[in-house]
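Listed below, chain by chain, are the residues.
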Amino acid sequence: MGQRRGIPFVISAPSGTGKTSVCRRVVDADPLIIHSVSHTTRAPRAGERDGSDYHFVSDKEFRRLAEAGAFLEYAEYGGHLYGTGSGELDATLARGLDVLLEIEVQGAAQIREGRADARLVFLLPPSREELERRLRGRGTDAPEVVDRRLALARRELEAIRLFDYAIVNDDLELAVTQVREVLAAEREGRAADARARHGREVVLQRLGPRFDKLR
Ligand code: ADP
Ligand code: 5GP
C-alpha cells in the first residue's frame, strides 16, 4: 500500500479574526499537521522570527522567486507581498503530513482554482465591533493600518462563497475544536459529516442576518 498523501488545509479570514491564534493551537495540538511558512516582503514584527513565522525577503527576491515559479499562490496585501512556496508544501504532503496554510483570500482563491486536493476553511469574527476591538487590541499595527484592514474586511467576507467550511471564532477554544473536527472528518473520509455541521451554506443559514451585519 502506498503511503498516505497529506491534505492541504487553507484557513482564511479578515485580519484580526484570530487566524494566527486558532492555527497555532491547532498545530500545537496535532503533530500530523505542519504550519506552512510563507514568504513575505513585510518587515518582521516584534518577536517574529525569520524561517519560523515567515521567510522575510526583499521585494526583489520575492519577485525573482515568483518569476521562477516558486509559489503555489501569492498576493499583495496591505502594500506587501505574501506567497506560499510550492516546494516546501509538496515535500511535506509527500511525507504523509497535512499542511495548514494561513493565508488571505486572494491566495485562497488561487488555491481553490489550482488544487483539487485542498480543503478551505473560512473563519468569521463574531461581529464587526469585535473584529475592530481585536485588531486595535492586538497593538501590532498603526491605527491607519488597522483602518485599511477593516475596510478590506468588508470585501474579504464576500470570498466566503469559495470556501468549503465556515467557523465563527467567538470562543477561541470552541473554534479550535471545530477546526479539528473538520480536519479529523476529512482525514477519515467523513467529509459529509463535517459539511453537515460546518459546511459554508449550513453556517451561513445558521447565522442569518448576523452575517449581513458583518459586512
Ligand atoms: P489574525 O491572525 O486573523 O489577524 P490574531 O490571531 O492575531 O488574528 O488575533 C487578533 C487578536 O484577537 C489577538 O490579539 C488575539 O489574541 C485576539 N483573539 C483571537 N481570537 C480571539 C477570541 N476568540 N476571543 C478574543 N480574542 C481573540
Ligand atoms: P500579516 O501581515 O498580518 O502577518 O498577514 C497579512 C495577511 O496576509 C493575513 O491575512 C495572512 O493570513 C496573509 N498571508 C500570510 N501568508 C500568506 C501567503 O503565503 N499567501 C497569501 N496569499 N496570504 C498570506
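Computed from a predicted structure; not experimentally measured.

Chemist: Give a description of the overall build of the protein that names residues and reports values.
Modeler: Within the protein, the secondary structure is distributed over 10 helices and nine strands. Here the protein has a C-alpha radius of gyration of 17 Å; the compact-globule value for 215 residues is 17 Å, and the two agree. Overall, the C-alpha framework of the protein stretches about 50 × 45 × 30 Å when taken along its three principal axes. Excluding contacts between residues fewer than 6 apart, the proportion of contacts in the protein whose partners are at least 24 apart in sequence is 68%.

Chemist: Outline the sheet that holds strand S9 (residues 165-168), supporting the account with residue identities and numerical values.
Modeler: Ordered in space as S2-S7-S1-S8-S9, the five strands form an open sheet in which the pairing is parallel. The strands lining the two open edges of the sheet, one partner per strand, are strand S2 (33-35) and S9. Within this sheet the neighbouring strands show an average axis-to-axis angle of 25°, counted without direction. Contacts from helix H3 (residues 86-94) reach strand S1 (8-12), S2 and strand S7 (98-102), with the element oriented near 150° to S7.

Chemist: An account of the site of ligand 2 is needed here, citing residue identities and associated values.
Modeler: Taken together, 16 residues lie near ligand 2, and Ser38, Arg42, Tyr54, Tyr82 and Glu104 sit nearest. Between ligand 2 and Lys19 there is a distance of 3.3 Å, counted from an oxygen atom to a side-chain nitrogen or oxygen. Here an oxygen atom of ligand 2 sits 2.9 Å away from a polar atom, N or O, in the side chain of Arg45. Notes on ligand 2: free accessible area 510 Å², of which the protein chains cover 95%. Counting residues per element, the ones that place at least two in the shell around ligand 2 are strand S5 (71-77) and strand S6 (80-85). Looking at side-chain class alone, the shell around ligand 2 contains five nonpolar, four polar and seven charged residues.

Chemist: Go over the sheet that holds S6, please, and point to the residues and values.
Modeler: Backbone hydrogen bonds hold the strands of a sheet together, and the pairing may be parallel or antiparallel. What the four strands build is an open sheet, ordered S4-S3-S6-S5; its pairing is mixed. Each end of this open sheet is capped by a strand with a single partner; those strands are strand S4 (54-56) and S5. The average angle at which neighbouring strand axes cross in this sheet is 25°, direction not considered. As judged from the two bridges shared by strand S3 (residues 38-40) and S6, these two strands associate in the antiparallel manner. The residue of S6 that forms the bridge with His39 is Gly83.

Chemist: Let's hear about the site of ligand 1: which residues, and what values?
Modeler: The environment of ligand 1 is made up of 15 residues, and the closest members are Gly16, Lys19, Thr20, Ser21 and Arg138. In the environment of ligand 1, an oxygen atom lies 2.8 Å from a nitrogen or oxygen atom belonging to the backbone of Lys19. When ligand 1 sits alone it has 560 Å² of accessible area, and the protein chains cover 75% of it. With three residues, the single largest contributor to the shell around ligand 1 is helix H1 (residues 19-29). Tallied by class, the residues present in the shell around ligand 1 amount to two nonpolar, seven polar and six charged.

Here is what the cut-offs are and how they apply
- Residues numbered from 1 in each chain as written.
- Chains lettered and ligands numbered in written order.
- Predicted model: local features only at pLDDT ≥ 70, side-chain atom pairs only at ≥ 80, totals over all residues.
- Heavy atoms only, no water.
- Helix = DSSP H or I, 4+ residues; strand = E, 2+ residues; numbered from the N terminus.
- Rg over C-alpha atoms; globule rule 2.2 N^0.38 Å.
- Contact = heavy atoms within 4.5 Å.
- Pairing = 2+ DSSP bridges.
- Axes fitted to C-alpha atoms, helices over the stretch in contact; angles between N-to-C directions.
- Near = heavy atom within 4 Å.
- Polar contact = N/O pair within 3.5 Å; in protein donor to acceptor, adjacent residues only side chain to side chain.
- Areas by Shrake-Rupley, 256 points an atom, 1.4 Å probe, with all protein chains shown as cover.
- Nonpolar A, V, L, I, M, F, W, Y, C, P; charged D, E, K, R; others polar.

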